[in-house]
Amino acid sequence: MKKSISVLFTIFMLFLSLLASGCTGDASESADKIKVGTWKTAQTIQPFLYQDYIDDRYSVEVLPFTNPGDQKAALLAGSLDMTGTTIALAITAASKGEPVVVVCGLADKCSAIVVREDSDIMAPADLKGKTIAYVPGTMHHVLLLETLEQAGLDPETDVTLQRIDFFDMGQALSQGKVDAFCSGEPYPSLAMANGYGRVLIYPYYGDSVGTINAGMLTTRDNIEHDREKIQALVTAHARATEYLNSDQDEWLAMSAEFGTNPQVLKIAQDNMELSWYMDENYVRQAGELALRMKDLGMISEIPDMESLFDLSFVEQARMDMESENL
């Protein structure tokens, strides 16, 4: 009799175990699956933490990219719900009539103009007659031209701009093929860590473009038909950003897992800012960027900046986090 009771008890517990696992599987399968694009860099790390800060109703898959253009294309094709991109690319997309919306910040700063360590170039004006590596159509391109203008140099006649991929700029500089390059982190700090380069200037001008760099992009259709999901993503982004900003050592340690030397990240730390909040001044600076891009022929029309940037999501995230801290 005792043996029968024991067998029945074992079967009952096995049933409960299967039932529990079945319920867990159903919950996982019923979760709303979200796909988010970003880069595997220190300044774009936040999406990798979304799952820790989002409602259990959502299951977040993060897809790493190397090209912001590919990210935007995947978003418009419906393969992503939200993605990181540069503000310059978002402006370009909107100027073409593409239905994109920036819903929160991602990263600020991250740019630098680098010269050889032993160079006699000590100020931007000294770039006259020099060859500078750049990638056309990027934020760094705009900031480089802004720097040349501030120094009174004509990019058409006073310097030689040479198109070189970001990955190859350091080698070109170290071999003397170029005199300077304008790029984003970690390449400037890598040049410093390896001893062949030094930063000439961090090209940020508060009266114009400022330090804005990248944001998180979605589509008008996503906002119209699934606003709650986009809000959940933005709030998760804000919480992840605040966490990483509160523990810089943890931020750099996590970022090193992407393959960048911790020493390089430490050098780059002050030139990288994780962001989420946007305000009217942010939109104003983006408008200055759009003006510069039109002047440079990068876009033919300046898009409606108020439509391109939707500040309601960051405002809701701000209120949600403030209420949690009361």
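Going by the structure above, here's the rest.
Nothing here was measured: the structure is a model prediction, and the numbers come from that model.

**What about the environment of Asp 120?**
Then comes step 1: Mapped onto the fold, Asp 120 is located in the loop between strand 5 (111–116) and strand 6 (131–134).
Then comes step 2: Overall, Asp 120 belongs to the exposed group, its relative accessible area being 58%.
Then comes step 3: Excluding anything up to four places from it in sequence, Asp 120 contacts Asp 126, Lys 130 and Arg 198.

**Things to note about the layout of surface pockets**
The gaps of empty space that remain are located by a probe, the size of a water molecule, rolled over the atoms.
Then comes step 1: Space inside the largest pocket adds up to approximately 1000 Å³.
Then comes step 2: What lines the largest pocket is a set of 42 residues, and nearest its centre among them are Trp 39, Thr 66, Pro 68, His 140 and Phe 166.
Then comes step 3: Of all elements in the fold, only helix 3 (68–76), helix 4 (87–95), helix 5 (139–150), helix 6 (166–174), strand 8 (180–184), strand 10 (212–219) and helix 11 (262–268) reach the threshold of two or more residues within the lining of the largest pocket.
Then comes step 4: For the lining of the largest pocket, the element with the most residues is helix 4, which contributes three residues.
Then comes step 5: The residue inventory of the lining of the largest pocket, partitioned by class, reads 22 nonpolar, 16 polar and four charged.

**Side note on the pattern of salt bridges**
Then comes step 1: For the structure shown, the criterion picks out 13 salt bridges.
Then comes step 2: The closest approach of N and O atoms between Lys 229 and Asp 81, which form a salt bridge, is 3.1 Å. Of this pair, Lys 229 sits in helix 9 (residues 227–246) while Asp 81 sits in the loop between helix 3 and strand 3 (82–86); the two residues are 148 residues apart in sequence, bridging distant segments of the chain. Across the pair, exposure class does not vary: Lys 229 and Asp 81 are buried alike.
Then comes step 3: When the shortest N-O distance is used, the salt bridge between Arg 116 and Asp 118 registers 3.1 Å.
Then comes step 4: Residue Arg 116 is classed as partly exposed on the basis of its relative accessible area, which comes to 24%.
Then comes step 5: Salt bridges here are not isolated pairs; linked through shared partners, they connect Glu 146, Glu 149, Arg 292 and Asp 295.

**Brief notes about the sheet that holds strand 6**
Then comes step 1: The sheet built from five strands is open, its strands ordered 7-6-8-5-9 with mixed pairing. Each end of this open sheet is capped by a strand with a single partner; those strands are strand 7 (160–163) and strand 9 (197–201). Between one strand axis and the next, the sheet turns by 35° as a mean value, whatever way the strands run.
Then comes step 2: Of the strands in this sheet, strand 5, strand 6, strand 8 and strand 9 touch helix 6, which is tilted by about 155° from strand 8.

Reading the values: rules and limits
Residues numbered from 1 in each chain as written. Predicted model: local features only at pLDDT ≥ 70, side-chain atom pairs only at ≥ 80, totals over all residues. Heavy atoms only, no water. Helix = DSSP H or I, 4+ residues; strand = E, 2+ residues; numbered from the N terminus. Buried < 20%, exposed > 50% of the residue type's maximum accessible area, 1.4 Å probe, protein only. Contact = heavy atoms within 4.5 Å. 1 Å grid on protein atoms, 1.4 Å probe; cavity = no way out; pocket = protein on both sides within 12 Å on 5 of 7 lines; lining within 4 Å. Points joined across faces, edges and corners; volume = space filled by probe spheres on them. Nonpolar A, V, L, I, M, F, W, Y, C, P; charged D, E, K, R; others polar. Salt bridge = Lys/Arg side-chain N within 4 Å of Asp/Glu carboxyl O. Pairing = 2+ DSSP bridges. Axes fitted to C-alpha atoms, helices over the stretch in contact; angles between N-to-C directions.

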